[in-house]
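Listed below are the residues making up each chain.
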Protein chains: 2
Amino acid sequence: MVRHPLRPLDLKNGRVELAHGSGGRASHQLVDELFTRHFHSSQLAACHDAGILPHVSGRIAVSTDSYVVSPLFFPGGCIGDLAVNGSINDVAMSGAKPLALTVGFILEEGFQLADLDRIAAAIARASQNASVPIISGDTKVVERGKADGVFLSTTCVGVIPEGVHIDPSRARPSDAIIVSGTIGDHGTTILSCREGLSFDCDLESDSAALHEMVSAMLCAAPDLHVLRDPTRGGVSAALHEIAATAQVGMRLWESAVPVHPTVRSACQLLGLDPLHLACEGRLLAICPTDAVEPVLAAMRAHPLGSQAAVIGEVIADFPGFVQLQTAYGGHRLIDWPAGEQLPRIC
Amino acid sequence: MVRHPLRPLDLKNGRVELAHGSGGRASHQLVDELFTRHFHSSQLAACHDAGILPHVSGRIAVSTDSYVVSPLFFPGGCIGDLAVNGSINDVAMSGAKPLALTVGFILEEGFQLADLDRIAAAIARASQNASVPIISGDTKVVERGKADGVFLSTTCVGVIPEGVHIDPSRARPSDAIIVSGTIGDHGTTILSCREGLSFDCDLESDSAALHEMVSAMLCAAPDLHVLRDPTRGGVSAALHEIAATAQVGMRLWESAVPVHPTVRSACQLLGLDPLHLACEGRLLAICPTDAVEPVLAAMRAHPLGSQAAVIGEVIADFPGFVQLQTAYGGHRLIDWPAGEQLPRIC
C-alpha cells in the first residue's frame, strides 16, 4: 500500500503556506525537506515531542528568548545565528556550559522558502560552530499580515559547573568592570540597515557565541562575580540592572571604553550614545581586582576577547547609578533610558 | 540621589508600547508591575538572563512550542494556560517529570494591558496548578500590524525517571491503543469561536496538564511503550506519526472512540472527522496487552482520565497506515491530511 506523495517543496520559488503549520503531512514535509536537511541531531531524528539530553548532573540553567529583529538579514548575520548565539550567551552568562538548543518558528504565510532555507542554514551553522546541538523544534504559521516574515524563539539549556557562582548581586565596591570588545556594533549595523544609511566601512554585527571564552575565563578565575551580555539597552542598561540588584554604584572611564570609529561617527551624527546601543557578541565581567590580570589574559587569548579592556569600577555611591568620567576629567550620570532608541534590534 | 520615576502602568486602559520591549526602564516596569505580580518564582526574582534550577541528575527532556491560537480567549482557557499545559504535556509525553517553565512573549504594539494581565494571570495559575514554576521570561514588542496581539513561546524542562523508556519506535503489533478521554473538544471549541457558531451546550477546550496522570500510569506500568498528546492534526496525525516511526499499522474501533455529542454533531454538520481535530488535554498511550488493566485503572482514578478507553490495537499491516473498523463492521483507511483543517488551533 502506498500513499500519494506530496509534490516536493520548491525551495527556490516556493512560499510558506498555512498548511505547513497544520501538523499534517505538509508540516512533516517542511520538517523533512527543509529543516532536517540542516539539523542533523540524533535527538531531533528520534521524533519525540520533546528533545532528550543524555544524563546530566548539576544545577541547570535555562533561557528562552524570542527574536523579532528587522531586517531579517544584516551585515554579519541574520535572525537565525542571532537567535542561536543569543540563547547560548544568556545561558553562558550564568557560568553554565550550554548543552542543547530548541528552536520555535512563527512563520507568516507567503514567506519565501528560499529565505527560510537561508535562516535554517544559519541556525545549523551557528549551532555547529558552537558545538551545541538543536534537539527539538516547532513550527507555526499565521495568515499573511499577522506576523512579519519570521519570528524565532530559541531556548538553551546548560549545566553550571561545581564551584561557579555568577550572580548580579555579587558586584562589590572596588570590583573591576571589564568589556570583551567594542560596543554598539550590532545596534549601529541594524540602524544603518533600517535607515538606509550606508556607513562607508566594514562595520558588521558582533553576533557571536561567548560560551567558550566564558569557560576559559572561569578556568582562569573561578571567583568571577558577574557576567552579562549587553544586548537591548546596551552597556548602560546592563550595568544599571546590576547596580540596582547589588545596590552599588558604577564608574566608567570614557576613554577606556572601546568603540569602533564608525560607531563613534554614527553616534555623533545621530545624537546617540554608544553605551545605549546593543551588542550581540560582547560581555561585561565584574571581578575582584586580584582576578583582573588572569581574566584579561584569558579573554585576550580568545578571538572574541582580543580587545578586552577594563572600563571602570564598582563603587559604593550612589547605589543604582552609573557615572561616566569623561575624557576631559569631568563626571556625568549615564542615563537609563525609559524607552526605545531603536525597536526590534534582536 | 533619586531617579525620576515612570508613571505607574495603567492596567485598566493602558496599551503595550514599543518602549516595553526596549530593554530599558519601561521594559523593567512591565516586568515589575505586570509579570512579577503574577509569577512569584524565586529564580525569576534573581534577575539572571537564564533561569536556574536546583541540582538535577538524570536524562533531561526539553520542549519549546510557540502558540499563535486565535482567538486568544476561548471557552475553557486562553493562550496562556494553553501554552503552559502544552509545553508540560510535550515533556510529560517522554515520561519526564516537568521541573520548570520559561515563557517568551511577542506583543503587538497597542495590545491592551488588561488582556495581557489576564493572560499572565492564566499562565501563573496554570503553572501553580501544575506545580511547575516559571523560572525565566522574555518580552519583545513589534509595531502595530506586525503581529496579532500576542504570540507566546513556552519551554518546559523535565527529568526522565530511571527505567522509563517511552519512545514512538517501541509500538509493537498486538499493543493496545488507549485514549484518555473524548477527542476533538479543543478543536471544535476554537472552530465554534472562530466561525461564530454557537453550539447550544457546555462544550469547552480540554486544555489541561497531563503530567500527574502520566506519573500514575508509569507507576502502574513502567513498561509503557509510547505516549503522545494528539494536538494539531488530532488522533489521526499522532497515530500516523507513530505508525511511520515504528513501521507498524494501527486499527481503531470506531465505536470505542469517545466523542462528545456536540463534537459529533459539529463534525456531521461541517463535514469534519473528530479524528483530525486537536485535543490539548488528552493523551494516547500504547502499551503491551498485559499492561492495559493497570494503566486503565490508573487513568480512570485520575480526573483527567475518567473516560479512558482502549480504542484500537497495533497491527503488523500496513506499516505507516491507520485503519478504522466502522460501527457497522466495515474497514476504511483513515486519511493523514496534507493540509489544514483549521489554522492557528494552538
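These numbers come from a predicted model, not from an experiment.

Some words on the domain arrangement of chain A
Residue and element names in this part refer to chain A.
1) Next: Taken domain by domain, chain A consists of domain 1 (18-160) and domain 2 (168-334).
2) Next: Placing a centre on the C-alpha atoms of domain 1 and another on those of domain 2 gives a separation of 28 Å.
3) Next: Each side of the interface is counted separately: domain 1 has 18 residues, and domain 2 has 22 residues.
4) Next: Between domain 1 and domain 2, roughly 1,600 Å² of surface is buried when both sides are summed, and carbon and sulfur atoms account for 62% of that area.
5) Next: The largest per-residue losses of area from domain 1 upon contact with domain 2 belong to Pro75, Asn89 and Met93, which jointly make up 34% of the total buried on that side.
6) Next: Linking domain 1 to domain 2 there are zero salt bridges.
7) Next: There are seven residue pairs in polar contact (both at pLDDT 80 or more) connecting domain 1 and domain 2.
8) Next: A total of seven residues in the side of domain 1 that touches domain 2 trace back to one element, the largest contributor, which is helix 3 (residues 79-92).

Things to note about the sheet that holds strand 11 (residues 309-315) of chain A
Strand pairing within a sheet occurs via backbone hydrogen bonds; the two strands may be parallel or antiparallel.
All names here are of chain A.
1) Next: In spatial order, the strands read 8-10-7-11-9-12-13; together these seven strands make up an open sheet with mixed pairing. The sheet is open, and its two borders are formed by strand 8 (226-228) and strand 13 (331-333), each paired with just one other strand. For this sheet, the mean angle separating the axes of adjacent strands, direction not counted, is 25°.
2) Next: Each of strand 7 (176-179), strand 8, strand 9 (249-253), strand 10 (284-287) and strand 12 (322-325) is contacted by helix 7 (residues 234-246), which is oriented at about 150° to strand 9, the strand it contacts most.

Focus: unusual backbone geometry
Peptide bonds are, in most cases, trans, and in most cases residues other than glycine have a negative phi.
All names here are of chain A.
1) Next: The residue after Ser70, namely Pro71, is reached through a cis peptide bond having omega 0°.
2) Next: With respect to the secondary-structure elements, Pro71 resides in the loop between strand 1 (51-67) and strand 2 (73-74).
3) Next: If you check the backbone angles, Ser174 has positive phi at about 85° while not being a glycine.
4) Next: Among the residues examined, Ser174 registers a relative accessible area of 47% and is labelled partly exposed.

Notes on the relation of the copies chain A and chain B
1) Next: The operation relating chain A to chain B is a screw motion whose rotation component is 180°, with 0.0 Å of axial translation and a residual RMSD of 0.0 Å. What we have between these two chains is a two-fold relation.
2) Next: Looking at the interface residues of chain A, 100% of them are also at the interface in chain B, so both copies use one shared face.

A look at the environment of His55 of chain B
1) Next: Inspection of the secondary structure assignment puts His55 of chain B in strand 1 (residues 51-67).
2) Next: The contacts of His55 of chain B, once residues within four sequence positions are left out, are Ser57, Gly58 and Arg59 of chain A.
3) Next: Within the structure, the side chain of His55 of chain B is placed 3.5 Å from the side chain of Ser57 of chain A, a separation counted as a polar contact.
4) Next: Within the structure, the side chain of His55 of chain B is placed 3.4 Å from the backbone nitrogen of Gly58 of chain A, a separation counted as a polar contact.

Observations concerning the sheet that holds strand 11 (residues 309-315) of chain B
All names here are of chain B.
1) Next: In spatial order, the strands read 8-10-7-11-9-12-13; together these seven strands make up an open sheet with mixed pairing. For this open sheet the edge positions go to strand 8 (226-228) and strand 13 (331-333), each flanked by a neighbour on one side alone. Within the sheet, the average angular offset between the axes of one strand and its neighbour, ignoring direction, is 25°.
2) Next: Note: strand 9 (residues 249-253) against strand 11, four bridges, orientation antiparallel.

Quick look at the interface of chain A and chain B
1) Next: Taken together, the 83 residues of chain A in the interface contact 83 residues of chain B.
2) Next: Between chain A and chain B, the buried area comes to about 7,000 Å², and carbon and sulfur atoms account for 57% of it.
3) Next: Along the contact surface separating chain A from chain B lie six salt bridges.
4) Next: For the pair chain A and chain B, the number of links is 34 residue pairs in polar contact (both at pLDDT 80 or more).
5) Next: For the side of chain A that touches chain B, the secondary-structure elements that each account for two or more residues are helix 1 (25-38), strand 1, helix 3, strand 4 (97-108), strand 5 (134-142), strand 6 (150-160) and helix 7 of chain A.
6) Next: Looking at the side of chain A that touches chain B, the element that brings in the most residues is strand 1 of chain A, giving 16 residues.

Thoughts on the packing of helix 1 (residues 25-38) of chain B against helix 4 (residues 113-130) of chain B
All names here are of chain B.
1) Next: Taken N-terminus to C-terminus, the directions of helix 1 and helix 4 make an angle of 35°; their axes are 7 Å apart at the nearest point. Each of Leu30, Leu34, Phe35, Arg37 and His38 in helix 1 lies in contact with helix 4, whose residues at this interface are Leu113, Leu116, Asp117, Ala120, Ala121, Ala124 and Gln128.
2) Next: Here the residues of the contact of helix 1 with helix 4 are counted per class, giving eight nonpolar, two polar and two charged.

Quick notes on the pairing of strand 6 (residues 150-160) of chain B
Residue and element names in this part refer to chain B.
1) Next: Within strand 6, 11 of the 11 residues are buried, which leaves it mostly tucked inside the rest of the structure.
2) Next: Judged by which residues are buried, strand 6 turns out to be covered on both faces: Val150, Leu152, Thr154, Cys156, Gly158 and Ile160 on one side and Phe151, Ser153, Thr155, Val157 and Val159 on the other are all buried.
3) Next: Both strand 1 and strand 6 contribute to a ladder of nine bridges, which runs antiparallel. In the sheet register, Ser63 faces strand 6, and the bridge partner there is Cys156.
4) Next: In this structure, strand 4 (residues 97-108) lies alongside strand 6, joined through 10 bridges in antiparallel fashion. Its bridge partner being in strand 6, Ile106 is matched across the sheet by Phe151.

Details of the confidence of the model for chain A
1) Next: Averaged over all residues, the pLDDT of chain A equals 93, while 95% of them reach at least 70.
2) Next: Our summary of model confidence lists the complex with pTM equal to 0.95 and ipTM equal to 0.95.

Notes on the packing of aromatic side chains
Both the distance between ring centres and the angle between the ring planes are used here to describe each pair of aromatic rings.
1) Next: Evaluated as defined, the whole model comprises five aromatic pairs over all chains.
2) Next: Summarising the aromatic geometry, the rings of Phe35 of chain A and Phe39 of chain A are spaced 6.1 Å apart at their centres and angled 5° between planes, so their arrangement reads as stacked. Each member of the pair, Phe35 of chain A as well as Phe39 of chain A, carries the same accessibility label: buried.
3) Next: The interplanar angle of 50° and the centroid separation of 6.3 Å between the aromatic rings of Phe151 of chain A and Phe151 of chain B together place this pair among those described as tilted. You can see Phe151 of chain A sitting in strand 6 and its partner Phe151 of chain B sitting in strand 6, one on each of two chains.
4) Next: Using a relative accessible area of 1% as the deciding quantity, one classes Phe151 of chain A as buried.
5) Next: Taken together, Phe35, Phe39 and Phe105 of chain A form an aromatic cluster joined through their ring pairs.
6) Next: One cation-aromatic arrangement involves Arg118 of chain A over Phe73 of chain A; the distance from NZ or CZ to the ring centre is 3.8 Å.
7) Next: Its end group placed over the ring of Tyr67 of chain A, Lys140 of chain B keeps NZ or CZ at 5.2 Å from the ring centre.

Some thoughts on the packing of helix 6 (residues 211-220) of chain B against helix 9 (residues 292-300) of chain B
All names here are of chain B.
1) Next: As a packed pair, helix 6 and helix 9 sit with axes 8 Å apart at the nearest point and diverge in direction by 150°. Put simply, helix 6 runs roughly antiparallel to helix 9. Here the hand of the crossing between helix 6 and helix 9 comes out right-handed. Where helix 6 approaches helix 9, its residues Met213, Ala216, Met217 and Ala220 are matched on the opposing element by Pro294, Val295, Ala298 and Met299.
2) Next: In the contact of helix 6 with helix 9, the residues fall into eight nonpolar, no polar and no charged.

About the thresholds
Residues numbered from 1 in each chain as written. Chains lettered and ligands numbered in written order. Predicted model: local features only at pLDDT ≥ 70, side-chain atom pairs only at ≥ 80, totals over all residues. Heavy atoms only, no water. Domains from an automatic or database assignment. Contact = heavy atoms within 4.5 Å. Buried area = accessible area lost by both parts, 1.4 Å probe. Salt bridge = Lys/Arg side-chain N within 4 Å of Asp/Glu carboxyl O. Polar contact = N/O pair within 3.5 Å; in protein donor to acceptor, adjacent residues only side chain to side chain. Helix = DSSP H or I, 4+ residues; strand = E, 2+ residues; numbered from the N terminus. Pairing = 2+ DSSP bridges. Axes fitted to C-alpha atoms, helices over the stretch in contact; angles between N-to-C directions. Buried < 20%, exposed > 50% of the residue type's maximum accessible area, 1.4 Å probe, protein only. Least-squares fit on C-alpha atoms with pLDDT ≥ 70 in both. Nonpolar A, V, L, I, M, F, W, Y, C, P; charged D, E, K, R; others polar. pLDDT = per-residue confidence, 0-100. Phe/Tyr/Trp six-rings, centres within 6.5 Å; stacked < 30°, edge-to-face > 60°. Lys NZ or Arg CZ within 6 Å of the ring centre and 35° of its normal. Parallel < 35°, antiparallel > 145°, perpendicular 65-115°, else oblique. Left-handed = near helix turned anticlockwise from the far one by under 90°.

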